[in-house]
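The primary structure of each chain is shown beneath.
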Amino acid sequence: ELKASIPPGLIDVLALPGLGPKTVGLLWKKGDVTDVESLEAGIDSGTLTDIPRMGKKTLANIKDAIEFSRRSAGRMRLGDAMPLAERLVESISAAEGVTKIAYAGSLRRGRETIGDIDILAAANAPESPTKALTSLPDVEKVLLSGETKTSVRLEQGVQVDLRIVPESQFGAALMYFTGSKEHNVMLRERAIERGLRLNEYGLFEDDGEKEPPQNRGLTPVAAKTEEAIYEQLDLQPVPPELREESRPESMPDDLVTLESVKAELHAHTVASDGTMTLDELIDQARRRGFHTLAVTDHSKSSVQANGLSVERLLEHIDAIHQANERHDDITVLAGSEVDILADGTLDYEDDVLARLDWVIASPHSSLRQDASKATTRLLRAIEHPLVHAIGHPTGRLINEREGLSPDMTRLMEAAREHETALELNANPWRLDLRDRHVRMAQELGVIVTIDTDAHGPGDFDLLRFGIMTARRGGLGSSLCPNCWTEDELLSWIRSKR
Ligand SMILES: [Zn+2]
Ligand SMILES: [Zn+2]
């Protein structure tokens, strides 16, 4: 009713941090503010200063809130948020008296984008970690600073909440602030069924008293670690990545881990648009203890990426095979990342593809085509007998490009039938396959490769974002060739030759 009677643009004004209905009502009735634009114009021109209670400082704060909400409208990518959070955790943990520290929230669950950063710290003296955070050069504004909670806004456009908790309750707080809400609700209900009460302070016996147990000095049944709480609730500890729903639908025994990956199957060199020479790339893979590396430079139609003509490709294959001869501690495969053209044909003829040890087929152009064309296009590549994997199948870029929206069920069914892998590209701009597609693959028995698509030496470190996404999809290593032994991997690869 209220919504119908006020200008629709005022809803956005109401959503600005720090603006309540009274203030917004005043701005509307006395200042003709009907949306964020007219609010901003009124502040800039000074016409709103005549309104009661609208001092210069209040208006400056509102202007501040407008700018922030604009900047943070696009959530932060996991690949940007995680290194930032790690840096904050490192700085705060160096403060005096900090005994335990961790980030929680959707970041810990590995979501592809992050709203804000939650950090928990246990400390003997709460002032010291609080000061460590508020005095960081990235801090643009301290929004709230109390004994147990401090909120700041960083110049990167993200809010950070630091909570100080006793070390004895760290696990309960970590569990609570990691979420998700749905998972926490499930845990609380399980506690109730067992005559217990779970909150952010711990798991307590439920004695029926209204007053919360922590206020009455009761000792919790479990609080120090998450594992102890799960155990008391008769549950296997749930990895943070699988806490998105109330209870993970499936949790394979062989859930992929960073350590289980032993091969990189998608990487570029200076031959196309990478920055590493062939030897530098091989060196990166060896340093990580991988048993297999596939070198996959771009194909001829990717002109902007310096894709290889057939002639250059054949020379490249020879060079890779020679390099493979030089190294007996790693198998180096001559591969290619071959463009899937708009109609589903591949960028090299079959006789050329047959000379490659390993073929990834990827869509790079025509990424706005309709769903049915995209499905046909990708199906053709999946069904091609010389193709091992489909690279970044939808071509989406997080916060930038929607990409293709093919019929995933049909792609998955074809991929299973032809034993073609769908790639989970670990680059945090891509994370393509998405987590929910990985779950479909796991359920249907489709092979999923996890690769960094390395273009430079640091890119191998992006693998962890792919692993988090794979774990969110519940992927077991038995469906992930990167986790297989060298024999298993090579025998699958040769089956396509
Ligand atoms: Zn690509
Ligand atoms: Zn690539």
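Residues numbered from 1 in each chain as written. Chains lettered and ligands numbered in written order. Predicted model: local features only at pLDDT ≥ 70, side-chain atom pairs only at ≥ 80, totals over all residues. Heavy atoms only, no water.

1. Description of the packing of aromatic side chains
Argument step 1. Counted by the stated rule, this structure contains four aromatic pairs.
Argument step 2. Centroid distance Tyr176 to Phe177: 4.9 Å. Interplanar angle 85°. Geometry classified as edge-to-face.
Argument step 3. Exposure remark for Tyr176: the relative accessible area of 34% places this residue in the partly exposed category.
Argument step 4. Taken together, a centroid distance of 6.3 Å and an interplanar angle of 35° make the contact between Phe290 and Phe460 tilted. Of this pair, Phe290 sits in the loop between α12 (278-287) and β11 (292-298) while Phe460 sits in the loop between β16 (448-451) and α18 (463-472); the two residues are 170 residues apart in sequence, bridging distant segments of the chain.
Argument step 5. Members of the aromatic cluster, joined through ring pairs, are Trp358, Trp484 and Trp492.
Argument step 6. It is Arg77 that lies over the ring of Trp429; its NZ or CZ is 3.5 Å from the centre. (Phe/Tyr/Trp six-rings, centres within 6.5 Å; stacked < 30°, edge-to-face > 60°. Buried < 20%, exposed > 50% of the residue type's maximum accessible area, 1.4 Å probe, protein only. Helix = DSSP H or I, 4+ residues; strand = E, 2+ residues; numbered from the N terminus. Lys NZ or Arg CZ within 6 Å of the ring centre and 35° of its normal.)

2. Points about the coordination of the zinc ion (ligand 1)
Argument step 1. At this site the zinc ion (ligand 1) is bound by Glu337 (OE), His364 (NE2) and His392 (NE2), with donor distances of 2.1 to 2.2 Å.
Argument step 2. Along the chain, the residues that donate to the zinc ion (ligand 1) are spaced as E-x26-H-x27-H.
Argument step 3. Here the zinc ion (ligand 1) and the zinc ion (ligand 2) are spaced 3.4 Å apart, and both take Glu337 as a donor. One end of the pair, Glu337, is in strand β12 (residues 331-339); the other, His392, is in the loop between β14 (389-390) and α16 (408-418), and 55 residues separate them in sequence.
Argument step 4. Of the residues examined, Glu337 reaches a relative accessible area of 1% and is grouped as buried. (Donors = N, O, S within 2.8 Å, 3.2 Å for Na, K, Ca; no water.)

3. Overview of the coordination of the zinc ion (ligand 2)
Argument step 1. Coordination of the zinc ion (ligand 2) by the protein is provided by His266 (NE2), His268 (NE2), Glu337 (OE) and Asp453 (OD), with metal-donor distances spanning 2.1 to 2.2 Å.
Argument step 2. Around the zinc ion (ligand 2) sit four donor atoms; with metal-centred angles ranging over 81 to 169°, the donor geometry is irregular.
Argument step 3. Along the chain, the residues that donate to the zinc ion (ligand 2) are spaced as H-x1-H-x68-E-x115-D. (Tetrahedral: all angles 85-135°; square planar, octahedral: opposite > 155°, others 65-115°.)

4. As for the side chain of Glu241
Argument step 1. By the secondary structure assignment, Glu241 is in the loop between α11 (226-232) and β10 (263-264).
Argument step 2. Residue Glu241 is classed as buried on the basis of its relative accessible area of 9%.
Argument step 3. Among the polar contacts made by the side chain of Glu241, one reaches the side chain of Arg471 at a distance of 3.1 Å. (Polar contact = N/O pair within 3.5 Å; in protein donor to acceptor, adjacent residues only side chain to side chain.)

5. Description of the nonpolar core
Argument step 1. Membership of the largest hydrophobic core comes to 61 residues, with the highest contact counts inside it found for Leu293, Leu346, Leu353, Ile390, Leu422, Ile450 and Leu475.
Argument step 2. Non-local contacts of Leu353, meaning those with residues more than four positions away in its chain, are made with Val338, Leu346, Tyr348, Val359, His384, Leu386 and Arg497.
Argument step 3. In terms of nonpolar packing, the next biggest core, distinct from the first, is built from 29 residues, Ala81, Ile114, Val139 and Phe465 among them. (Core = buried A, V, L, I, M, F, W, Y, C linked by side-chain atoms within 4.5 Å. Contact = heavy atoms within 4.5 Å.)

6. Description of the domain arrangement of the chain
Argument step 1. One can read the domain layout of the chain as domain 1 (2-71), domain 2 (76-164), domain 3 (169-238) and domain 4 (258-494).
Argument step 2. Of the residues lining the interface, 13 residues belong to domain 2; the matching set on domain 3 comes to eight residues.
Argument step 3. Around 860 Å² of area is buried between domain 2 and domain 3 when both sides are counted, 71% of it from carbon and sulfur atoms.
Argument step 4. On the surface where domain 2 and domain 3 come into contact, there are one salt bridge.
Argument step 5. With a shortest N-O distance of 2.9 Å, Glu226 and Arg108 are connected by a salt bridge.
Argument step 6. The interface formed by domain 2 and domain 3 holds four residue pairs in polar contact (both at pLDDT 80 or more) in total.
Argument step 7. Breaking the side of domain 2 that touches domain 3 down by element, the ones donating at least two residues are β2 (98-103), α7 (105-108) and β4 (117-123).
Argument step 8. Split into classes, the residues belonging to the side of domain 2 that touches domain 3 amount to seven nonpolar, one polar and five charged. (Domains from an automatic or database assignment. Buried area = accessible area lost by both parts, 1.4 Å probe. Salt bridge = Lys/Arg side-chain N within 4 Å of Asp/Glu carboxyl O. Nonpolar A, V, L, I, M, F, W, Y, C, P; charged D, E, K, R; others polar.)

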